[in-house]
Amino acid sequence: MRKQIAAANWKMNLTYQQGEKLLDEILQAKTPLQSHQQVIFTVPFPYLILANSEVANESHYAVAAQNCYHKKSGAYTGEVSAEMLQSIGIKYCVVGHSERREYFGETNQQLAEKINLLLQYGIQPIFCCGEALAIREAATQNAWVETQLKESLFHLSAEELEKVIIAYEPIWAIGTGKTATAAQAQEMHEHIRSFLAKQYGANVANNISILYGGSVKGSNAAEIFAGADVDGGLVGGASLVAEDFVAIIAALK
Ligand code: PGA
């Protein structure tokens, strides 16, 4: 059974002290979780070790990095490698968030390299895909997302692909307060799963968690997560408020 996941994406928010308090509040809520449900805190690099120690005794909670570099090691001042993440016990890493693609020019090919390195070091990538508003308005979002998946993931073996978590994040819904309707989310998730099935077969496609991202809130999470192919969410703004994120965790299927 594939995992249902509530992933918090803190982005470049919160001080160390604020982050520690937020984690404590969320963990203190002790939201009941089943074995197929997972919570992931995607925190800034300087907080990874703290966050990982906070969740060390919590079986349903884990920590993710927000990014890593697409080279193994070397003279890349300011960058963080997959091997470094592995060495501090990180199990997940977000790859190709639309903000990385837009502000840092990350390409599908570079993201393929990041995914290879992460898998090599035993870290599960959370691969983000999704279209901008102009593409949605031109009704070409399916082809756009297919290209992202093909160029960054389709070189993987089935066994490798099963370690990847996909996050569909329509750019027009990120941080805008504008959420895709539950039907729009389900429609794209179903499309992604059937596209994966064409390449890897239905069994592999059915094992992959596909998260929705874009203005998920405590108030809309249950409706969005209800979609048959929606396996939870990658949450920005609402993950910074304990009460909101706890409600999102509680909305997991
Ligand atoms: P948002 O961000 O929930 O603030 O829209 C989602 C994301 O970018 O992962």
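(A) Broad picture of the nonpolar core. Core analysis: the biggest nonpolar cluster contains 71 residues, and Phe41, Leu85, Leu149, Leu153, Ile166, Ile192 and Phe245 have the highest contact counts within it. Counting residues per element, this core draws most heavily on helix H9 (residues 182-200), which supplies six residues. In contact with Leu153, not counting residues within four places along its chain, are Ile115, Phe127, Leu161, Val164, Ile166 and Tyr200. Ranked by size, the runner-up nonpolar core spans 13 residues in total, among them Ala62, Cys128, Ala167 and Leu234.

(B) Molecular detail of the site of the ligand. What surrounds the ligand is a group of 13 residues, the closest being Lys11, His97, Glu169, Gly175 and Ser215. At 2.8 Å from an oxygen atom of the ligand is found a side-chain nitrogen or oxygen belonging to Glu169. Measuring from an oxygen atom of the ligand, one finds a backbone N or O atom of Gly236 at 2.8 Å. Coverage of the ligand by the protein amounts to 95% of the 280 Å² it exposes when considered alone. Across the shell around the ligand, the residue classes tally to four nonpolar, seven polar and two charged.

(C) Region of interest: the sheet that holds strand E6 (residues 165-168). Judged by pairing direction, the barrel is parallel, and its eight strands sit side by side in the order E1-E2-E3-E4-E5-E6-E7-E8 before closing back on the first. Adjacent strand axes in the sheet meet at a mean angle of 25° when their direction is disregarded. Pairing geometry for strand E1 (residues 4-9) and strand E2 (residues 37-42), over six bridges, is parallel. Looking at the pairing, Ala6 lines up with Val39 of E2. Strand contacts of helix H7 (residues 141-153): strand E5 (124-129) and E6, with the helix running at about 150° to E5, the strand carrying the most contacts.

(D) Highlighting the packing of aromatic side chains. For the coordinates displayed, the defined rule picks out seven aromatic pairs. When the centroid spacing of 6.0 Å and the interplanar angle of 15° are considered together, the rings of Phe41 and Tyr61 count as stacked. Of the two residues, Phe41 is situated in strand E2 and Tyr61 in strand E3 (residues 61-65); the sequence distance between them amounts to 20 residues. When sorted by exposure, Phe41 lands in the same class as Tyr61, which is buried. Each ring, one from Phe41 and one from Phe245, has its centre 6.1 Å from the other, and the planes form 50°; the classification is tilted. Of the two residues, Phe41 is situated in strand E2 and Phe245 in helix H12 (residues 242-250); the sequence distance between them amounts to 204 residues. Of the two residues, Phe41 and Phe245, neither departs from the other in class, the shared state being buried. Members of the aromatic cluster, joined through ring pairs, are Phe41, Tyr61 and Phe245. Taking NZ or CZ as reference, Arg100 lies 3.9 Å from the ring centre of Phe104, over its face.

(E) Summary view of the packing of helix H1 (residues 16-28) against H12. Running from N to C, H1 and H12 cross one another at 40°; their axes reach a closest spacing of 9 Å. Judged on the interaxial angle alone, H12 and H1 are oblique. As H1 runs across H12, the sense of the crossing is right-handed. From H1, Leu22, Glu25 and Ile26 reach across to H12, where they touch Ala242, Phe245, Val246 and Ile249. For the contact of H1 with H12, the class distribution of residues is six nonpolar, no polar and one charged.

Rules used in this analysis
- Residues numbered from 1 in each chain as written.
- Predicted model: local features only at pLDDT ≥ 70, side-chain atom pairs only at ≥ 80, totals over all residues.
- Heavy atoms only, no water.
- Core = buried A, V, L, I, M, F, W, Y, C linked by side-chain atoms within 4.5 Å.
- Buried < 20%, exposed > 50% of the residue type's maximum accessible area, 1.4 Å probe, protein only.
- Helix = DSSP H or I, 4+ residues; strand = E, 2+ residues; numbered from the N terminus.
- Contact = heavy atoms within 4.5 Å.
- Near = heavy atom within 4 Å.
- Polar contact = N/O pair within 3.5 Å; in protein donor to acceptor, adjacent residues only side chain to side chain.
- Areas by Shrake-Rupley, 256 points an atom, 1.4 Å probe, with all protein chains shown as cover.
- Nonpolar A, V, L, I, M, F, W, Y, C, P; charged D, E, K, R; others polar.
- Pairing = 2+ DSSP bridges.
- Axes fitted to C-alpha atoms, helices over the stretch in contact; angles between N-to-C directions.
- Phe/Tyr/Trp six-rings, centres within 6.5 Å; stacked < 30°, edge-to-face > 60°.
- Lys NZ or Arg CZ within 6 Å of the ring centre and 35° of its normal.
- Parallel < 35°, antiparallel > 145°, perpendicular 65-115°, else oblique.
- Left-handed = near helix turned anticlockwise from the far one by under 90°.

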